Number of protein chains: 4
Amino acid sequence: MCRWMAWSGQPLIIEELLFAPPHGLVDQSLHSRMGVETTNGDGFGLGWYGAGDGPAVYRSVAPAWGDENLRELAAHVESPLFIAHVRATTGTAIQQTNCHPFRHGRWLFVHNGVIAGFPELRRDLMLAVDPSLFAAIQGSTDSEVLFHLALSFGLDEDPIRAVERAIGFVEETAERHGVEAPVQASLGLSDGTRLWAFRYSSEGKSRTLFSSCDAASVRRLHPENERLQRLRDEDRLVVSEPLSDLPGIWESIPEATVLVVQPGDDEQRPFRPSR
Amino acid sequence: MCRWMAWSGQPLIIEELLFAPPHGLVDQSLHSRMGVETTNGDGFGLGWYGAGDGPAVYRSVAPAWGDENLRELAAHVESPLFIAHVRATTGTAIQQTNCHPFRHGRWLFVHNGVIAGFPELRRDLMLAVDPSLFAAIQGSTDSEVLFHLALSFGLDEDPIRAVERAIGFVEETAERHGVEAPVQASLGLSDGTRLWAFRYSSEGKSRTLFSSCDAASVRRLHPENERLQRLRDEDRLVVSEPLSDLPGIWESIPEATVLVVQPGDDEQRPFRPSR
Amino acid sequence: MCRWMAWSGQPLIIEELLFAPPHGLVDQSLHSRMGVETTNGDGFGLGWYGAGDGPAVYRSVAPAWGDENLRELAAHVESPLFIAHVRATTGTAIQQTNCHPFRHGRWLFVHNGVIAGFPELRRDLMLAVDPSLFAAIQGSTDSEVLFHLALSFGLDEDPIRAVERAIGFVEETAERHGVEAPVQASLGLSDGTRLWAFRYSSEGKSRTLFSSCDAASVRRLHPENERLQRLRDEDRLVVSEPLSDLPGIWESIPEATVLVVQPGDDEQRPFRPSR
Amino acid sequence: MCRWMAWSGQPLIIEELLFAPPHGLVDQSLHSRMGVETTNGDGFGLGWYGAGDGPAVYRSVAPAWGDENLRELAAHVESPLFIAHVRATTGTAIQQTNCHPFRHGRWLFVHNGVIAGFPELRRDLMLAVDPSLFAAIQGSTDSEVLFHLALSFGLDEDPIRAVERAIGFVEETAERHGVEAPVQASLGLSDGTRLWAFRYSSEGKSRTLFSSCDAASVRRLHPENERLQRLRDEDRLVVSEPLSDLPGIWESIPEATVLVVQPGDDEQRPFRPSR
């Protein structure tokens, strides 16, 4: 049911996080430890900010572990902010337009989780998407519709509020259809400057989501670890599953919470869907 | 802008029509003569009736000319009724769920043409699809929505009337949006027993569509041609472009007409979109 | 490291064995129990004998569990003899020409296992392939080279002897290069009439391989099981892993043994590589 | 039969040359004007020098015109030296390992053309490849073997001489097999600093190959053209076909010639296969 990771900080060659760590995301595509499914082989995607206009998106239906092009890109693209996602479909087609991240303008969006009862809810949810955005929906996933709801509800103005309204709307619609506990979501979102990581589920039992601890304490804790010594204060990693078992490196993002990674101090806030 | 062909008659190994003729459909994928585009390399599909329940559908995003699996299937599947389609996208994604034929229950559907202004019309057209069918729309093409409109308007009961209503509805919606000459269509449709071939466009300048002539006259005309001598009275081929230049084999289906290929005498009727 | 299955017997719609059983091959592609790797997601292939000339082969680089076309084919192709294979690469590229079964004339060939040290041995092994067959090697796997060695060593005349010579030659070559225990192999082979299943490894610790028990005893053992009651005396299934946990249905093919499934009594023989 | 282009000069966002020009390489993939085949839809590849170690290679079996990921990469990767290639197969499989550029260490290599009679010559040519390089041959094309012959014949020490020996060896081998006029080649080669463009065919009728004219004269000739005014003295483009019809911009590389694009003055030399 998908795994993702996001980096914000000093520019990195992407493979350093995607392939190099013992339990990096590509390894998780083959054997995830904390996911509902152990295999995330139904495509993947990588979005990054760097050269050229707006974010780049590379998406493929091949499993991440076997995609030569992903290996090439990761080894030759450097970026200060990127999001990667490996997919395990919950029923919708395996096709590029169903792979994350989804993009709109400067926005990138990934989702691990599911909207329960999506086949019944799909029509009502799509109707609530701003008509000017309707034709931009290219695939058939719940995640892409959720993203377009957030765009419709003001993502550009107030991202957290927009996501709260989008998820609130999904819950409201589900209730009307008699679908219980409709939302299961860890979400990653970025505009190229900030990075939002949401952890929420209607029933309060969300998928795991972790962020890397404060860089200074990580360096202090592991003085012998060369890689960790290179961490700078503004560096932050968000992951569905820890990339390594080293102690003191990861902290769990609490239930119903959004973490905002941004220049200066990051911020953590309660997340409350609104109707 | 796509090419298609359909066979109804004695069971044939599919390659006899798909690969063997000098200008068969796979050849047309690489260099069509009569199409708006000469290259139809944005995927293809093959639907057939035979063993197992309901029609089978094989669709791929590879160009038909280079797909090894299509060559294998065509050489090893025998069927009395099949439809094949090569695609040239008019803008929507190259993905399996956008490849024809589309299927619903026993129905197969292919479309060569376009709904002009589809990005603007898409939302209104999808809203008119029966809510119980909404979630079955897997791709993002105009063609798949048109098919689901026809299903919503009674394809099971009266196929011609349902298509007339579907196209009428598209024209009406387009008018409301100020889109002129919205429908350009040659359509193939089958339920496994009958085969319908529609030729229609709002402006009265439809894509080409041909059917093979009466088998008896073809045999008489070409007594030396072994392959044509094997034609039986119930055999009928419908094609976007003639597969060969032999005279007396093809007749053009007129503008605004539907041909019904069926056991016993086939039938040709005017096609009039209804509102 | 791959899983495979083969059927010889009454004509079956392929999905009955590929998808329907609780632990069918497609399920094994996602979570194998007895394989070295639990995931076999690096492509798959299906070869069958039926309509048209010679065997058909459908191969794809997509994981078997997510391939819509495999599902379609399996549901609509009927065959009395077919072989299916799911792949976990041991290092060579994920591409159709590396997917099993390999075909030559009427022959189909699948391999679960590995030739240790193949990169060093590859040149010497390919040199031993009959020059007239050299250009037919399309991919880069050890398995395809092994198949072409067997073809070079007289597969058409004496299949078992040819495979014994091919594997003997690999072992001899490996010895020269200082590679120990070079062959790990469960092999499936068919000419459309007979089916050979080989289990052999240089170190005597071969991958698992099972065949279905005598149809009469299976029917007697499970009188309540409708599906098993349909088994006929000539039906035989060979599998890397049992498709179900029912007792008395599977027997392990012993080490260094070849099973010949054929019209009339099947035969089991010791397998001894020859030099 | 393939088209390619190479850039050496100031760092460019790749799409400026791949997609932006009226007759850029991606356009040529759909309708080449000067190629033997008008459609080059059997895969493509892009190799570039930039961030990370050694050159990056992105290759795909999709037609270049429809590949979303190529569009993304081209729009977001900047490089001072890159080579792109669109493929029309002359018979070998459509698979990533058959797509150009081929890479070895710092080397990138592309080929437009063919080795006539390759199926007969393949074994002898592969035998001449240095055994230590044999296992590095991943695909089944004549081009990849030619590249490995050049590597075996000293590409690292003297690139032009190595290619002269490689092609001389192919001609010699072909002669032994009674194959006439075996080599048809326009070749692109780079080590990240220099770029070599070879034009040669055994019969003296080579595929077209052009280089951009001296930047200063181009700027003088087209003072009104903003894009051309940005050309710097070290900028050089090599193309199978001109990207635009503007006069005074392209010069044909003569038959049996190699152009060396390098820091300082470029160089043009006769090319003579040696035996």
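Residues numbered from 1 in each chain as written. Chains lettered and ligands numbered in written order. Predicted model: local features only at pLDDT ≥ 70, side-chain atom pairs only at ≥ 80, totals over all residues. Heavy atoms only, no water.

Undergrad: Sorry, what's going on with the interface of chain A and chain D here?
TA: Interface extent is often summarised as the accessible area lost during association of the parts. Contacts between chain A and chain D engage 20 residues on the former and 20 residues on the latter. Buried area between chain A and chain D, both sides added, is near 1,500 Å², and the carbon and sulfur share of it is 50%. If you sort the residues of chain A by the area they bury against chain D, A:Asn69, A:Glu72 and A:His76 come out on top, with a joint share of 38%. Counting across the chain A and chain D interface gives 2 salt bridges. Between A:Glu72 and D:Arg103 there is a salt bridge, and its shortest N-O distance comes to 2.5 Å. Summed over the shared surface of chain A and chain D, the result is 12 residue pairs in polar contact (both at pLDDT 80 or more). Elements supplying a minimum of two residues to the side of chain A that touches chain D: β3 (56–60) and α3 (68–76) of chain A. In terms of residue count, α3(A) provides more of the side of chain A that touches chain D than any other element does, 6 residues in total. Of the residues contributing to the side of chain A that touches chain D, the split by class is 9 nonpolar, 5 polar and 6 charged. (Contact = heavy atoms within 4.5 Å. Buried area = accessible area lost by both parts, 1.4 Å probe. Salt bridge = Lys/Arg side-chain N within 4 Å of Asp/Glu carboxyl O. Polar contact = N/O pair within 3.5 Å; in protein donor to acceptor, adjacent residues only side chain to side chain. Helix = DSSP H or I, 4+ residues; strand = E, 2+ residues; numbered from the N terminus. Nonpolar A, V, L, I, M, F, W, Y, C, P; charged D, E, K, R; others polar.)

Undergrad: What am I meant to see in the interface of chain A and chain B here?
TA: At the junction of the two partners, chain A supplies 15 residues and chain B supplies 15 residues. The junction of chain A with chain B conceals about 1,400 Å² of combined surface from both sides, 56% of it contributed by carbon and sulfur atoms. Sorting the residues of chain A by area buried against chain B places A:Arg122, A:Arg123 and A:Phe134 first, and these three jointly supply 40% of that buried surface. Seen at the junction of chain A and chain B, the total is 8 residue pairs in polar contact (both at pLDDT 80 or more).

Undergrad: Before we go on, may I ask you to explain the relation of the copies chain A and chain B in this structure?
TA: Two copies of a chain can be linked by a rotation about an axis combined with a shift along that same axis. Take chain A, turn it by 180°, move it 0.0 Å along the axis, and it overlays chain B with an RMSD of 0.0 Å. Both copies are brought into coincidence by an operation consistent with a two-fold rotation axis. Mapped onto chain B, 100% of the interface residues of chain A again fall at the interface, so both copies present the same surface. (Least-squares fit on C-alpha atoms with pLDDT ≥ 70 in both.)

Undergrad: What should I look at first to understand the pairing of strand β6 (residues 107–115) of chain C in this one?
TA: Within a regular beta strand, the side chains point alternately toward one face of the sheet and then the other, so they alternate between its two faces. Residue and element names in this part refer to chain C. Within β6, 8 of the 9 residues are buried, leaving the element largely enclosed by the surrounding structure. Relative to β6, strand β5 (residues 102–104) runs antiparallel, the two sharing 3 bridges. Bridging across to β6, Phe102 finds its partner in Phe109. Connecting β5 to the antiparallel partner β6 that follows it, the hairpin turn spans 2 residues, and Gly105 within it adopts a positive phi of roughly 55°. As paired strands, β6 and strand β7 (residues 183–190) are joined by 8 bridges and run antiparallel to one another. Paired with Ile115 across the strands is Val183, a residue of β7. (Buried < 20%, exposed > 50% of the residue type's maximum accessible area, 1.4 Å probe, protein only. Pairing = 2+ DSSP bridges.)

Undergrad: I keep staring at the packing of aromatic side chains and nothing clicks. Help me out?
TA: Given two aromatic rings, their pairing is described by the distance between the two centres and the angle made by the two planes. Residue and element names in this part refer to chain D. Summed over the entire model, instances satisfying the criterion amount to 26 aromatic pairs over all chains. Both rings, one in Trp107 and one in Trp196, keep their centres 5.6 Å apart while their planes meet at 45°; by these two values the pair is tilted. Here the residue Trp107 occupies a position in strand β6 (residues 107–115), and Trp196 occupies one in strand β8 (residues 195–201), the gap between them amounting to 89 residues. (Phe/Tyr/Trp six-rings, centres within 6.5 Å; stacked < 30°, edge-to-face > 60°.)

Undergrad: Explain the sheet that holds strand β1 (residues 3–13) of chain C to me, please; I cannot follow it from the model alone.
TA: Working definition: the strands of a sheet are paired by backbone hydrogen bonds and lie parallel or antiparallel to each other. On the basis of which strands lie adjacent, the open sheet formed by 7 strands has the order β3-β2-β4-β1-β10-β9-β11 (chain C) and antiparallel pairing. Pairing within the sheet leaves two strands with one partner each, and these edge strands are β3 (56–60) and β11 (250–252) of chain C. Neighbour-to-neighbour, the strand axes of the sheet open up by a mean angle of 15°, direction not taken into account. Lying over the sheet, helix α3 (residues 68–76) of chain B contacts β2 (44–49) and β3 of chain C, oriented at roughly 155° with respect to β3(C). (Axes fitted to C-alpha atoms, helices over the stretch in contact; angles between N-to-C directions.)

Undergrad: Teacher, can you tell me more about the sheet that holds strand β5 (residues 102–104) of chain B here?
TA: Residues and elements named next belong to chain B. If you walk across this open sheet you meet the 6 strands as β5-β6-β7-β8-β12-β13, and the pairing is antiparallel. Looking at strand neighbours, the two that pair on one side only are β5 and β13 (267–270), the edges of this open sheet. Each strand of the sheet is rotated relative to its neighbour by a mean of 15°, with strand direction disregarded. Sitting on the sheet, helix α6 (residues 142–152) is in contact with β5, β6 (107–115) and β7 (183–190), with an inclination near 125° to β6.

Undergrad: Would you explain the environment of B:Asp191 in this entry?
TA: Residues and elements named next belong to chain B. The residue Asp191 is located in the loop between β7 and β8 (195–201) in this model. Sequence spacing of Asp191 and Thr97 is 94 residues, and the spatial spacing of their C-alpha atoms is 20 Å. Look past the residues within four positions of Asp191 in its chain and what remains in contact with it is Tyr49, Arg106, Trp107 and Trp196. Engagement of the side chain of Asp191 in a polar contact is seen with the backbone nitrogen of Thr193, the distance being 2.8 Å.

Undergrad: I tried to follow the relation of the copies chain A and chain D on my own but got confused; where do I start?
TA: Least-squares fitting of chain A to chain D yields an RMSD of 0.0 Å, with the superposition described by an axial translation of 0.0 Å and a rotation of 180°. When the interface residues of chain A are mapped onto chain D, 100% of them again fall at the interface, so both copies present the same face.

Undergrad: Would you mind going over the packing of helix α4 (residues 118–127) of chain B against helix α7 (residues 159–176) of chain B with me for this structure?
TA: A pair of packed helices is characterised by two quantities: the angle between their axes and the separation of those axes. Residue and element names in this part refer to chain B. Look at α4 against α7: their axes get within 10 Å of each other, and the N-to-C directions meet at 130°. Relative to α7, α4 is oriented oblique. As α4 runs across α7, the sense of the crossing is right-handed. Contacts between α4 and α7 involve Leu121, Asp124 and Leu125 from the former and Phe169, Val170, Thr173, Ala174 and Arg176 from the latter. Considered class by class, the residues forming the contact of α4 with α7 number 5 nonpolar, 1 polar and 2 charged. (Parallel < 35°, antiparallel > 145°, perpendicular 65-115°, else oblique. Left-handed = near helix turned anticlockwise from the far one by under 90°.)

Undergrad: Any chance you could explain the state of the cysteines here in plain terms?
TA: In a disulfide, the sulfur atoms of two cysteines are covalently bonded to one another. Residue and element names in this part refer to chain D. Considering all chains together, one arrives at 0 disulfides over all chains under this definition. Cys2 forms no disulfide, and the closest cysteine sulfur to it belongs to Cys99, at a distance of 9.4 Å. Taking the relative accessible area as the measure of exposure, Cys2 reaches 7% and is therefore buried. (Disulfide = S-S within 2.5 Å.)

Undergrad: Sorry if this is basic, but what is going on with the environment of D:His31 here?
TA: Looking at where D:His31 falls in the secondary structure, it is placed in the loop between α2 (25–30) and β2 (44–49). Once residues lying within four places of it in the same chain are set aside, the contact partners of D:His31 are D:His23 and D:Thr38.

Undergrad: Would you take a moment to explain the pattern of salt bridges for this structure?
TA: Close approach of charged atoms lets side chains of opposite charge pair. Following the criterion strictly, the structure yields 36 salt bridges over all chains and no others. Across the pair A:Arg236 and A:Asp266 runs a salt bridge whose closest N-O atoms are separated by 3.1 Å. Of this pair, A:Arg236 sits in strand β10 (residues 236–239) while A:Asp266 sits in the loop between β12 (257–261) and β13 (267–270), and the two are 30 residues apart along the sequence. Given the relative accessible area of 14%, A:Arg236 is considered buried. The class of A:Asp266 is partly exposed, set by a relative accessible area of 25%. Between D:Glu175 and D:Arg275 there is a salt bridge whose closest N-O contact spans 3.2 Å. Taken together, the positions of D:Glu175 in helix α7 (residues 159–176) and D:Arg275 in the segment after β13 (267–270) put the pair 100 residues apart, joining distant regions of the chain. Each member of the pair, D:Glu175 together with D:Arg275, is exposed. Each member of the salt-bridge network shares a partner with another, and the members are A:Arg236, A:Glu251 and A:Asp266.

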